[in-house]
Each structure stands twice: as C-alpha cells, then as structure tokens.
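# Commentary on secondary and tertiary structure
The chain contents come next:
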Amino acid sequence: MSVKNIMIVGVGGQGTLLTSRILGNLAVGGGYDVKLSEVHGMAQRGGSVVTFVRYGDQVAEPIVEAGQADVLIAFERLEALRYLHFLKEDGVVIVNDWRIDPITVVTGAAQYPEGVLDTLQAARKTIVVEAMKTARELGAPKAFNVVVLGAAAHYMGFEKEDWLKVIEETVPPKTVEVNRKAFEAGYLL
C-alpha cells in the first residue's frame, strides 16, 4: 500500500488528539507502519490543533506537506478552510458543521468568513456532518468527534468492526458505549 495521509484539525478541547490516537492504533493493528505528529499550538486556549496520521507499508516521516493529504478531517468549519491547502486535488474534506469564533473574531479584530462550507464544496469533495446535533441526540455532545470519525471512516480502507474494536480499546472505559454509538451514527451518514 502506498502511504495514506490523513490530517485532523480542530480547536483545543475538541478531541483531535484522541481521534488521531484511534486512527493510529487502527493502522498499527492493520499491520502498517504508522507515523503521527501533533501540533498543539494554543490548544489549551481554544487555538488550532493539527495532527497528521500517515500509514502504509513504509512511512519515512510524520509530517504531511501541503497538497499531499488524502483526507482532511475538520471538527470546525474555519479550521477546514484554514488547512484546505494541505489536501490533494482529489482528496476529501469531512467537516463538522460547527462554528467556534477565534479570539480575533471575539475581540472584533476580524470577522468570521461568510460561506465557509460553500467555499470548501467548490474547492474539493466535501462531506458536511452535523456531528454536534447527532451527538446531542445520543445524549453525549462530547462524542461529536467520533461522529465525524465515523463519517470519515469510509475513506480510509478499514473495516467497520476494526474501527469499533480500536475505539473500545482506546477511549476511556466509561465512554466505550457512547463512543461506539457515536461512530455508528457517523458511519451511517
């Protein structure tokens, strides 16, 4: 298998790192060479969090260069737009339809761009997921990241049962059932 490049982006506290660990564990369990890279930035203050997960027969380095990501998973609309240039021309964006105003917008120094989803859809294949709504319906809003992961799973070449097994092994024990339900809900979207 050639190397598969996945980029996961969000805002601090959205579960970006947990999501990358789930995918990394899944790829290792599938017998692939895996490299992960986490860029925290101002994560603890609501800033961008970026993780790269690369897997294949042999992976030399953990960083995905601009224009090389096969899949961009975004937990917030503006983060998807901010990192769109990392995606290949034939790549896919899976984006949570959620808005979190960055500090520059909150303070009035900038405005949140209009038409973010339209811009994404015009640029690349884009799957929009209302993950927060789905997670709330499950009674577990914190599991929205796993809803998004469920929708993204179709683009990564692993079986659904393998995903569920790795989720069970990776998330905290008390959250296993709700994360399984969140993944299943996203997988059906």
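This text goes with the structure placed above it.
Calculation notes
Residues numbered from 1 in each chain as written. Predicted model: local features only at pLDDT ≥ 70, side-chain atom pairs only at ≥ 80, totals over all residues. Heavy atoms only, no water. Pairing = 2+ DSSP bridges. Helix = DSSP H or I, 4+ residues; strand = E, 2+ residues; numbered from the N terminus. Axes fitted to C-alpha atoms, helices over the stretch in contact; angles between N-to-C directions. Contact = heavy atoms within 4.5 Å. Buried < 20%, exposed > 50% of the residue type's maximum accessible area, 1.4 Å probe, protein only. Right-handed = clockwise from strand over helix to strand, strands pointing away. Core = buried A, V, L, I, M, F, W, Y, C linked by side-chain atoms within 4.5 Å. Phe/Tyr/Trp six-rings, centres within 6.5 Å; stacked < 30°, edge-to-face > 60°. Lys NZ or Arg CZ within 6 Å of the ring centre and 35° of its normal. Parallel < 35°, antiparallel > 145°, perpendicular 65-115°, else oblique. Left-handed = near helix turned anticlockwise from the far one by under 90°. Nonpolar A, V, L, I, M, F, W, Y, C, P; charged D, E, K, R; others polar.

Strands sit in the order E2-E3-E1-E4-E5-E6 across an open sheet of six strands; the sheet is mixed. In this open sheet, the two edge strands, each paired with only one partner strand, are strand E2 (33-39) and strand E6 (125-129). Across this sheet, the average inter-strand angle for adjacent strands is 15°, counted without regard to direction. Along the sheet, helix H1 (residues 16-29) contacts strand E1 (4-11), E2 and strand E3 (48-56); its crossing angle with E3, the most-contacted strand, is approximately 5°. Where helix H4 (residues 116-123) meets the sheet, it contacts strand E5 (87-96) and E6, and its direction lies at approximately 145° from that of E6.

A separate point is the pairing of E5. Most of E5 is tucked away, with seven of its 10 residues classed as buried. Relative to E5, strand E4 (residues 69-74) runs parallel, the two sharing five bridges. Directly across from Ile 73, in E5, lies its bridge partner Ile 94. Crossover handedness for the path E4 to helix H2 (residues 77-82) to E5: right-handed. Pairing of E5 with E6, which is carried by five bridges, proceeds in the parallel orientation. Bridge pairing in E6 links Val 95 to Val 128.

The next thing to look at is the environment of Val 34. With respect to the helices and strands, the residue Val 34 is situated in strand E2. In this structure the C-alpha to C-alpha distance between Val 34 and Glu 130, which are 96 residues apart in sequence, comes to 30 Å.

Time to look at the nonpolar core. Ranked by internal contacts, the top residues of the largest apolar core, which has 39 residues, are Ile 6, Leu 23, Tyr 55, Ile 73, Met 156 and Trp 163. Here this core gets seven residues from one element, more than from any other, and that element is helix H6 (residues 144-152). Residues in contact with Ile 73, not counting those within four places in the same chain, are Ile 6, Met 7, Ile 8, Val 9, Ile 94, Val 148, Leu 149, Ala 152 and Met 156. Within the second largest apolar cluster, 21 residues are counted, among which are Val 9, Leu 78, Ala 80 and Tyr 83.

Bringing the packing of aromatic side chains into the picture now. Here the structure, examined in full by the defined rule, presents nine aromatic pairs. Linked through ring pairs, Tyr 32, Tyr 55, Phe 158, Trp 163, Phe 183 and Tyr 187 together constitute an aromatic cluster. Arg 99 extends its terminal NZ or CZ atom over the ring of Tyr 112, reaching a point 4.1 Å from the ring centre.

Before going further, it helps to spend a moment on the packing of H6 against helix H8 (residues 176-187). At a closest axis distance of 6 Å, the pairing of H6 and H8 adopts a crossing angle of 40°. With respect to H8, the element H6 is oriented oblique. Pair H6 / H8 crosses with right-handed handedness. Residue-level inspection shows Val 146, Val 147, Leu 149, Gly 150 and Ala 151 of H6 in contact with H8, the latter providing Asn 179, Ala 182, Phe 183, Gly 186 and Tyr 187. Taken together, the residues of the contact of H6 with H8 sort by class into seven nonpolar, three polar and no charged.

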